Amino acid sequence: MMRAMTRAWVEVDLGALKRNAEKIAAAARVPLLPTIKADAYGMGAVGVARALEATEPWGYGVGTIEEGEELRAAGIARPILVLTPILAETFAAAQAAGLRPALGDAAAIAAWGPSGAPWHLSIDTGMNRAGIPWRDVGRIRDVVARFPPEGAFTHYHSVLKDRASVAVQTGRFRDALAQLPARPALLHAESSAAIEHAGGRSPWDLVRPGVFLYGVGTAEGLDPEPVVSVRARIVELRAIQDGDTVSYGATWPAPGSHPEDWPRRIATLPLGYADGYRRALGNRGWALLHGRRVPVAGAITMDMTMLDVTDVPCDVGDVVTLFGRDGGDWLTVQDVARFGHLSPYELLTELHSRLPRLYGEPQ
Ligand SMILES: *Cc1c(COP(=O)(O)O)cnc(C)c1O
């Protein structure tokens with residue numbers, strides 16, 4: 001096996017990623033602005049962007065100037081939109097890298113505008129996070145007329161929790177756009193869940209899918225293929241007797257286990273919460289070993305995780321799947337998130353850089 005596969009690693013199926021992009025583009029029937037911020041949700045922005053190039057997206061969405069610079073250094077030439085607001089003192093750096101900022105106030109627009117470089121107007125329709133409040137768009141008419149944006153966008157706060165809120169925010173977006181001196185060429189609003197929820201052609205010019213590309217759907221019918229697997233090798237095995245405990249705090253076994261349950265066999269994996277295998281999975285997570293589910297035993301530690309493998313014959317060196325497919329079974333990102341009462345977004349983005357990323361080629 002490759003050196004990268006001697007401890008713990010992340011496998012990214014770029015073929016599945018590309019098919020997910022094609023699937024969501026076919027549903028929305030407008031060009032994509034894939035969001036590859038936060039190192040493409042932990043999958044590796046450069047590898048992901050290179051795979052997505054074949055789908056001819058309009059451009060890419062990132063969270064920081066540094067993320068945009070990394071893509072430029074890797075030769076990505078398409079438009080890059082920095083979705084998070086940036087300070088005016090960093091405008092020169094953004095311009096040098098050919099990045100488009102998301103601007104949401106008159107002073108920022110007046111500072112950026114004279115460069116003549118493209119920018120997008122960020123319109124806040126209820127999230128109260130970033131952008132000009134929709135009610136105030138009329139107040140920036142003059143500066144927008146002087147320096148017209150290439151695009152304008154908003155972001156939905158509760159696509160899955162409150163469907164009515166989507167219509168409210170869409171109405172506010174339309175009201176705000178009506179206050180602009182001219183319609184920007186590129187309007188966009190929908191993230192993955194909103195695209196899935198709309199279930200048809202987007203009413204706008206671009207869509208901004210993120211998590212769907214990485215294999216996390218919303219159960220709205222546009223099932224994405226799984227993209228990410230996390231695997232680790234067993235580094236030690238031990239038999240433990242009735243009365244023994246596992247890991248910090250001695251929380252395993254749960255009180256009240258039966259004498260006939262003993263002895264138990266415990267496998268140690270060389271990955272822990274410092275790799276992004278979250279502490280919340282202690283005593284709650286499940287992994288796959290030779291196609292069978294085995295439970296996490298005890299607290300997750302910084303660098304190691306223990307599993308109860310009593311029921312599955314195995315040896316040191318065997319591969320355990322923490323997320324992903326193994327034999328006939330499969331743990332999705334959502335499954336693992338559910339075990340730990342976590343958000344799938346956090347699970348993905350917190351996979352630490354200490355885990356090497358192995359890429360399966362796009363097909
Ligand atoms: C992250 C982000 C997206 C993508 O959201 P997903 O839920 O991952 O599809 C879209 N738009 C903006 C402004 C974002 O910040």
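Throughout what follows, the structure given in this document is the object of discussion.

About the criteria used
- Residues numbered from 1 in each chain as written.
- Predicted model: local features only at pLDDT ≥ 70, side-chain atom pairs only at ≥ 80, totals over all residues.
- Heavy atoms only, no water.
- Helix = DSSP H or I, 4+ residues; strand = E, 2+ residues; numbered from the N terminus.
- Expected span 1.5 Å × (residues − 1).
- Buried < 20%, exposed > 50% of the residue type's maximum accessible area, 1.4 Å probe, protein only.
- Arc of directions from axis to C-beta.
- Near = heavy atom within 4 Å.
- Polar contact = N/O pair within 3.5 Å; in protein donor to acceptor, adjacent residues only side chain to side chain.
- Nonpolar A, V, L, I, M, F, W, Y, C, P; charged D, E, K, R; others polar.
- Core = buried A, V, L, I, M, F, W, Y, C linked by side-chain atoms within 4.5 Å.
- Domains from an automatic or database assignment.
- Contact = heavy atoms within 4.5 Å.
- Pairing = 2+ DSSP bridges.
- Right-handed = clockwise from strand over helix to strand, strands pointing away.
- Salt bridge = Lys/Arg side-chain N within 4 Å of Asp/Glu carboxyl O.

Brief notes about helix α8 (residues 163–178)
Stage number 1. In a regular helix each residue adds 1.5 Å, so 16 residues correspond to 22 Å; α8 covers 24 Å between its end C-alpha atoms and thus fits that length.
Stage number 2. S165, V166, Q169, T170, F173, A176 and L177 are the residues of α8 that are buried. Angular distribution of buried residues about the axis of α8 spans 135°; they occupy a single face of the element. The exposed set on the far side of α8, more than 90 degrees from its buried face, consists of A164, A167 and A178.

Remarks on the site of the ligand
Stage number 1. What surrounds the ligand is the set T35, K37, Y41, R129, H155, S191, S192, R208, P209, G210, V211 and Y345.
Stage number 2. Interatomic distance of 2.6 Å between a side-chain N/O atom of K37 and an oxygen atom of the ligand.
Stage number 3. Note that an oxygen atom of the ligand is positioned 2.9 Å from one of the backbone N or O atoms of G210.
Stage number 4. Residues that form the shell around the ligand fall into these classes: four nonpolar, five polar and three charged.

Topic: the nonpolar core
If you look at soluble globular proteins, the nonpolar side chains tend to sit buried side by side.
Stage number 1. Membership of the largest hydrophobic core comes to 101 residues, with the highest contact counts inside it found for I36, I123, Y214 and L322.
Stage number 2. Of the domains in this structure, domain 1 (14–214) and domain 2 (228–360) are the two that each give at least three residues to this core.
Stage number 3. Once residues lying within four places of it in the same chain are set aside, the contact partners of Y214 are L17, T35, I36, A40, Y41, M43, V48, V227, V228 and L348.

Notes on the pairing of strand β4 (residues 99–103)
Stage number 1. Burial analysis of β4 places five of its five residues in the buried class, the great majority of the element.
Stage number 2. The two faces of β4 match: L99, P101 and L103 on one face and R100 and A102 on the other face are all buried.
Stage number 3. Here strand β3 (residues 80–82) runs beside β4; their pairing, made up of three bridges, is parallel. Bridge assignment links V82 to a residue of β4, and that residue is P101.
Stage number 4. With helix α5 (residues 91–96) bridging β3 and the parallel β4, this β-α-β connection has right-handed handedness.
Stage number 5. Here β4 pairs with strand β5 (residues 120–124) via two bridges, running parallel. Across the sheet, L103 pairs through a bridge with L121, a residue of β5.
Stage number 6. In this fold, β4 hands off to helix α6 (residues 106–112), which returns the chain to β5; that crossover is right-handed.

Some words on the pattern of salt bridges
Stage number 1. A full pass over the atoms with the stated rule returns 14 salt bridges.
Stage number 2. Two residues, R19 and E225, come together in a salt bridge whose shortest N-O distance is 2.8 Å. Residue R19 is located in helix α1 (residues 14–28), and its partner E225 is located in the loop between α9 (192–198) and β9 (228–233); the two are separated by 206 residues in the primary sequence.
Stage number 3. Owing to a relative accessible area of 30%, R19 belongs among the partly exposed residues under this scheme.
Stage number 4. R264 is the partner of D308 in a salt bridge, and the nearest nitrogen-oxygen pair spans 2.8 Å. Note that D308 is positioned in strand β14 (residues 305–308) and R264 in strand β11 (residues 264–269), a separation of 44 residues in sequence. Of the two residues, D308 and R264, neither departs from the other in class, the shared state being buried.
Stage number 5. Salt bridges sharing common partners tie together R7, D275, D303 and R354.

On their own, these measurements won't tell you what the molecule is for.
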